[in-house]
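Chain by chain, the residues:
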Amino acid sequence: MAPTYSLLEQVNRAFDRAAALTEHAPSLLEQIKQCNHVYSIAFPIERDDGTIEVIHGWRAEHSHHRLPTKGGIRYSSVVNEDEVMALAALMTFKCAMVDVPFGGAKGGVKISRRNYSRDELERITRRYTFELVRKNFMGPGVDVPAPDYGTGPAEMAWIADTYTTLSGGELNALACVTGKPVTQGGIRGRLEATGRGVYFGIRDACDRADDMKAIGLETGLEGKRVVVQGLGNVGYHAAKFLQEAGAVLVGLAEVEGAVQSARGLDIDNVMEHRRETGSILDFPGSANLPESIAALELDCDILVPAALEGQITAANAPAIKARIIAEAANGPTTDEADEILDKRNVLIIPDSYLNAGGVTVSYFEWLKNLSHVRFGRMEKRFDEAAHTRLLRVVEAGTGKRLTDKERAELAEGADEEDLVNSGLEETMVEAYRELLECREEHDRKVDLRTAALIVAIDKIATAYEELGIFP
Ligand code: NAD
């Protein structure tokens, strides 16, 4: 049955709007827009009680202009082929936007993970992996999955193990998937990467005096009132980094409902309360909103949708009070809502830029797996020794002696996590600069979503023009 709400149509409409503002040939734009491969799978698994269940899944590879293709795997009861194709397209644009040299892909398995035991999830993940490998939809140079909604490091470890087992000694086998546990070839900082990238993007947007003035807000993140919808990997980490930077979390929403407090909610205390009671509701010092979706309409400066697509619609857009919508999730704002919010002069920081931190650090993990060495391992001590020698010279020249603690702090070399976070920040800052530059080139007549897509389309078009079309 065709889905009533089509994320693919949304993405395609946004693409068409941006494409019309470029000077590329229509036929080339059509190639950039189309999803190149879609693999639809049905496979059986044995439930713990011995019954057999048929599971449906998909993998879409949107663009092969760069290889491997890259994109998360989603476990959701509502995922469908349309959604997977749309998310794969977004991955292509996202990778181009932040100069990660991959084509876009996305996977989906139609299950609600809370209905399955750990053993069943492992069997589903391993069988899904087997099906992808069988049709050459996975491999370090072919297509490299990562976590998305409903999946995390545990699933990535099972995928890596299954692929390694099937690949029979392939040297780079671990680079077949990213988002693995650090102890299984993962990289420090990947778990937090998407949320950290969301924070960098919001921080940079709030630092633009002209943009803040245009929407009636003060410059800077400090004291900004934030609502976050969805406290999973992306939402939790985004909330944590925003809180650490001085923003005030005035509303938090999960599936069971939402809580609000004008004084602010401590994200870790709320998560602890949820672990203890099974719900964020009744968090001490807060007021409950039994209808989770109502949180989107709370009085705040920044709204961070970090759950699923299609949350901000024509129905609730007129009631949204936030001046900034920071799209941590993929596709949270429908086209109609986008138009309404644009007329209301709300600044939307688009998904194709804002949540690119995950794929950026996935790229670093892939590089680490291919080089078979941890970032920082070769140079950390060497750098420390060089810094120490330099400090000794400065001490001798100035006559001022540092304490051992001060010297150790100043001389410290970068370890893996420092380098990952620095590379992530550089990527997000540079991408935002490019996005704003594109908006200026179009005399500020395009919104940030269109600017992001124009930047991405230009880069993909250049790749095609340089590569030519085979054969
Ligand atoms: P996740 O499964 O870790 O967390 C999602 C959370 O949202 C869950 O806690 C879930 O209970 C909650 N949720 C679901 N429906 C909700 C609703 N209606 N209201 C409130 N809360 C709701 O998933 P994630 O990895 O954090 O992904 C979230 C979004 O970010 C998705 O759109 C995903 O595509 C996007 N994204 C994720 C990554 C990544 O690295 N994980 C990268 C880029 C984009």
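Chemist: Outline the site of the ligand, listing residues and values.
Modeler: Taken together, 24 residues lie around the ligand, and Arg74, Asp148, Thr194, Glu254 and Asn330 are the ones closest in. Between the ligand and Thr194, the relevant distance is 2.8 Å, taken from an oxygen atom to a side-chain nitrogen or oxygen of the residue. Compared with its free state, where it exposes 820 Å², the ligand has 87% of that area covered by protein. Contributing elements (two or more residues each) for the shell around the ligand: helix H6 (190-206), helix H8 (233-244) and strand E7 (248-254). Taken together, the residues of the shell around the ligand sort by class into 10 nonpolar, 10 polar and four charged.

Chemist: Outline empty space enclosed by the protein, supporting the account with residue identities and numerical values.
Modeler: Summed over all chains, the structure comprises one cavity of 30 Å³ or more. Considering only enclosed or pocket space, the largest cavity measures out at about 180 Å³ in volume. Gln10, Val11, Ala14, Asp351 and Arg449 are, among the 16 residues lining the largest cavity, the residues nearest its centre. Listed by contribution, the elements that provide at least two residues to the lining of the largest cavity are helix H1 (7-19), helix H3 (81-97), helix H10 (335-343), helix H11 (351-354) and helix H16 (448-467). Top element by residues in the lining of the largest cavity is H1. It accounts for five residues.

Chemist: Pulling in residues and values, what's your account of the pattern of salt bridges?
Modeler: A pair can form between side chains of opposite charge whenever their charged atoms are brought close. Inspection of every chain in the model, using the stated rule, returns 45 salt bridges. Here Asp335 and Arg17 are joined by a salt bridge, their closest N and O atoms 3.3 Å apart. Residue Asp335 is found in helix H10, and its partner Arg17 is found in helix H1; the two are separated by 318 residues along the sequence. Accessibility expressed as a relative area gives 12% for Asp335, which makes it buried. Its salt-bridge partner being Glu309, residue Arg74 comes within 3.0 Å of it at the nearest N-O pair. In this pair, Arg74 sits in strand E3 (residues 69-75) while Glu309 sits in the loop between strand E10 (302-305) and strand E11 (324-326), placing the two residues 235 residues apart along the sequence. Taken as a pair, Arg74 and Glu309 share a single burial class, namely buried. Residues participating in the shared-partner salt-bridge network are Arg208, Asp210, Asp211, Arg439, Glu440 and Arg444.

Chemist: Summarise unusual backbone geometry; cite the residues concerned and give the values.
Modeler: With an omega dihedral of 5°, the bond running from Leu67 to Pro68 counts as a cis peptide bond. Along the chain, Pro68 falls in the loop between strand E2 (52-61) and E3. Backbone torsion omega between Phe470 and Pro471 reads 5°, so that peptide bond is classified as cis. The residue Pro471 is located in the segment after H16 in this model. Positive phi values are uncommon outside glycine, yet Arg444 reaches one of about 60°.

Chemist: Mind laying out H3, listing which residues take part and the relevant values?
Modeler: For H3, which comprises 17 residues, the first-to-last C-alpha distance of 24 Å matches the rise-based estimate of 24 Å (1.5 Å per residue) to within 8%. Within H3, 16 of the 17 residues are buried, which leaves it mostly tucked inside the rest of the structure. Measuring from the side-chain oxygen of the N-cap residue of H3 to the backbone nitrogen of Asp82 gives 3.2 Å; that N-cap residue is Asn80.

What counts and what doesn't
- Residues numbered from 1 in each chain as written.
- Predicted model: local features only at pLDDT ≥ 70, side-chain atom pairs only at ≥ 80, totals over all residues.
- Heavy atoms only, no water.
- Near = heavy atom within 4 Å.
- Polar contact = N/O pair within 3.5 Å; in protein donor to acceptor, adjacent residues only side chain to side chain.
- Areas by Shrake-Rupley, 256 points an atom, 1.4 Å probe, with all protein chains shown as cover.
- Helix = DSSP H or I, 4+ residues; strand = E, 2+ residues; numbered from the N terminus.
- Nonpolar A, V, L, I, M, F, W, Y, C, P; charged D, E, K, R; others polar.
- 1 Å grid on protein atoms, 1.4 Å probe; cavity = no way out; pocket = protein on both sides within 12 Å on 5 of 7 lines; lining within 4 Å.
- Points joined across faces, edges and corners; volume = space filled by probe spheres on them.
- Salt bridge = Lys/Arg side-chain N within 4 Å of Asp/Glu carboxyl O.
- Buried < 20%, exposed > 50% of the residue type's maximum accessible area, 1.4 Å probe, protein only.
- Expected span 1.5 Å × (residues − 1).

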